[in-house]
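Residues per chain, in single letters:
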Amino acid sequence: MSNFVKLTSQSELPPEGEAREFPLGDKVICVANVNGTVSAMDNVCLHRGGPLGQGVIEGDKLVCPWHGWQYDPRTGEAAHNPAAKVAVYPLKVENGDVGPWQIVPGWIEESGSW
Ligand code: FES
């Protein structure tokens, strides 16, 4: 069973220095492009649930649009407290489709969410 789930197309990925939100099941994933490196992480800020994919990139950090917490999109760690960490999802490209590949196979189908 393939563990590849399409999140979006390569052509829809955010350009360098931007982030975007993509729905996946009943979840939303934040995809950020930092200096040409595209990575995916949970979209919900650990502070008060701000939508990280609507944030801006400053340097190598994604800044939450609500109160400015900064995250490293490659690790999901908050800059001021590495113990505060959102889940990150390694991305894979298959035939122009982009998706996270290290998820539990069948999880979305069985539970409806991650
Ligand atoms: S909700 Fe993200 S910094 Fe407050």
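(A) Region of interest: the overall build of the protein. The helix and strand inventory of the protein stands at one helix and twelve strands. Beginning at the N terminus, the succession of helices and strands in the protein can be written as β-β-β-β-β-β-β-β-β-β-β-β-α. By residue count, 27% of the 114 residues in the protein fall in the buried class.

(B) Representation of the sheet that holds strand β1 (residues 8-9) in the model. Reading across from one edge, β1-β12-β11 is the order of the three strands in this open sheet, with antiparallel pairing throughout. Looking at strand neighbours, the two that pair on one side only are β1 and β11 (91-94), the edges of this open sheet. In terms of strand pairing, β1 meets strand β12 (residues 97-100) through two bridges, oriented antiparallel. Residue pairing across strands places T8 opposite V98, the latter belonging to β12.

(C) Summary view of the sheet that holds strand β3 (residues 27-34). Strand order in the open sheet formed by four strands is β2-β3-β4-β10, with antiparallel pairing between adjacent strands. Looking along the sheet, the strands with just one partner apiece sit at the ends: β2 (19-24) and β10 (88-89).

(D) Layout of unusual backbone geometry. Despite not being glycine, N35 has its phi angle at roughly 50°, a positive value. Residue position: N35 is located in the loop between β3 and β4 (37-42). Despite not being glycine, N95 shows a phi value in the positive range, around 50°. Looking at the element boundaries, N95 is found in the loop between β11 and β12.

(E) Structural view of the confidence of the model for the protein. Mean pLDDT over the protein: 87, with 85% of residues reaching 70 or higher. The model gives residues 104-114 a pLDDT under 50, and that stretch makes 15 contacts with residues more than four places away or in other chains.

(F) Broad picture of the nonpolar core. Residues A19, I29, C30, V31, A32, A40 and L52 are the most contacted members of the largest nonpolar core, which totals 22 residues. Broken down by secondary-structure element, the contributors of at least two residues to this core are β2, β3, β4 and β10. The greatest single-element share of this core, amounting to five residues, is contributed by β3. Leaving out residues up to four positions away in the same chain, A19 has contacts with P14, C30, V31, A32, L52, G53, G55, I57 and L62.

How each quantity is defined
Residue positions within a chain follow its written sequence, with the count starting from 1. In view of the model being predicted, local features appear only for residues whose pLDDT reaches at least 70, and side-chain atom pairs are presented and counted only at 80 or more, with totals across whole chains, interfaces and linings using the full set of residues. Counting from the N terminus, the helices are DSSP H or I runs at least four residues long and the strands are E runs at least two residues long. Any residue surrounded by 20 or more other C-beta atoms within 10 Å of its C-beta is treated as buried, while 12 or fewer makes it exposed and the intermediate range makes it partly exposed; C-beta atoms here are placed from the backbone. For two strands to count as paired, DSSP must find a minimum of two bridges between them. Confidence per residue, as judged by the predictor, is encoded in pLDDT with a range of 0 to 100. By the criterion used throughout, residues are in contact when their C-beta atoms, derived from the backbone, lie within 7 Å. As used throughout, a nonpolar core is a set of buried Ala, Val, Leu, Ile, Met, Phe, Trp, Tyr and Cys residues joined through C-beta atoms within 7 Å of each other.

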